[in-house]
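Residue strings, one per chain:
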Amino acid sequence: MTTQVEAAPGELLADLVADGDVVVLSGAGLSTESGIPDYRGETGRRRRAEPMTYQRFVGGAEARRRYWARSHLGWRHIARAEPNAGHRAVAELQRRGLVTGIITQNVDGLHQAAGARDVIELHGSLDRVLCLGCGRRSPRQDLHERLTAANLGWHAESAAINPDGDVALDDDRVAGFRVVGCASCGGVLKPDVIFFGENVPAPRVRACFDLTGRAATLLVLGSSLTVMSGYRFVRHAAALNIPVAIVNQGPTRGDGEALLRLDAPLGRTLTDLVAALA
């Protein structure tokens, strides 16, 4: 276990990042300033929605109807979201050659929209759709247009967006929604994301372990690390004596492995970090 460092955390973070070979592990807290809520942070505590599980999704047509009705509304919000100062700061650090890898647990594509390259999307992306029958991947916008055409008389509104891209919606509105199948084979369509209860593909996990193992510093941004999916890379770094720095609002599961811990807003902290390294 590494030793906790408390003195001058902003300067220590700048020193770590200035040495380069930083791998970023980002979570939902990085996107809250773009209007996308998280699961376990402040915005998450204000919601009570249960996320869709893989078992429920594949287990019945009604569960899929409920998901796609809610997600059809929520997608408009996700598609309009723009990168915030935190995303732009990470992209700038990568452009300067200080960040050499980005692993994100987010499914919103905002790292790439900010200009980041070669991002490993640990949990997939909402802007793609996967057919469980033929395995074809297609753009989410294509499905959005097909669902809109199939539901011309269907109208619903919701103000509460969830981090996985769906919304709160009454059952009576869900009942009138029509789901469409794969345009190629008619099979069941699923967003190209990892649902709760579903495993991340092994090659993707190995790539993340390899990237973490080559890092000089693992920088965790906006993740509570509650689930093992992301926390395992913190444990891997700590086992290799790779310094772990965490910037998050609220405690995280990885605080005990962290050399440096900042409880602070992501956008401001990362913008200040970029300025300090100019």
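Given the structure is predicted, the values throughout are model-derived calculations rather than measurements.

Caption draft 1: Structural detail: the pairing of strand 7 (residues 217–221). When you tally the buried positions in strand 7, you get 5 out of 5 residues, the bulk of the element. Judged by which residues are buried, strand 7 turns out to be covered on both faces: Thr217, Leu219 and Leu221 on one side and Leu218 and Val220 on the other are all buried. Note that strand 1 (residues 22–26) and strand 7 share 5 bridges and pair parallel. Paired with Val22 across the strands is Thr217, a residue of strand 7. Sheet topology note: the strand 7/strand 8 (residues 244–247) ladder contains 4 bridges and is parallel.

Caption draft 2: Spotlight on the sheet that holds strand 3 (residues 119–121). Read from one edge to the other, the open sheet built from 6 strands follows the order 3-2-1-7-8-9, with strand pairing classed as parallel. Each edge of the open sheet is held by one strand with a lone partner, namely strand 3 and strand 9 (260–262). Looking at each pair of strands side by side, their axes are set apart by 15 degrees on average, direction ignored. The sheet contact formed by strand 8 and strand 9 spans 3 bridges and is parallel. The partner of Ala245 across the bridge, within strand 9, is Leu260. The strands that helix 9 (residues 202–213) touches are strand 1, strand 2 (99–104), strand 3 and strand 7; relative to strand 2, the one it contacts most, it runs at about 145 degrees.

Criteria and cut-off values
- Residues numbered from 1 in each chain as written.
- Predicted model: local features only at pLDDT ≥ 70, side-chain atom pairs only at ≥ 80, totals over all residues.
- Heavy atoms only, no water.
- Buried < 20%, exposed > 50% of the residue type's maximum accessible area, 1.4 Å probe, protein only.
- Helix = DSSP H or I, 4+ residues; strand = E, 2+ residues; numbered from the N terminus.
- Pairing = 2+ DSSP bridges.
- Axes fitted to C-alpha atoms, helices over the stretch in contact; angles between N-to-C directions.
- Contact = heavy atoms within 4.5 Å.

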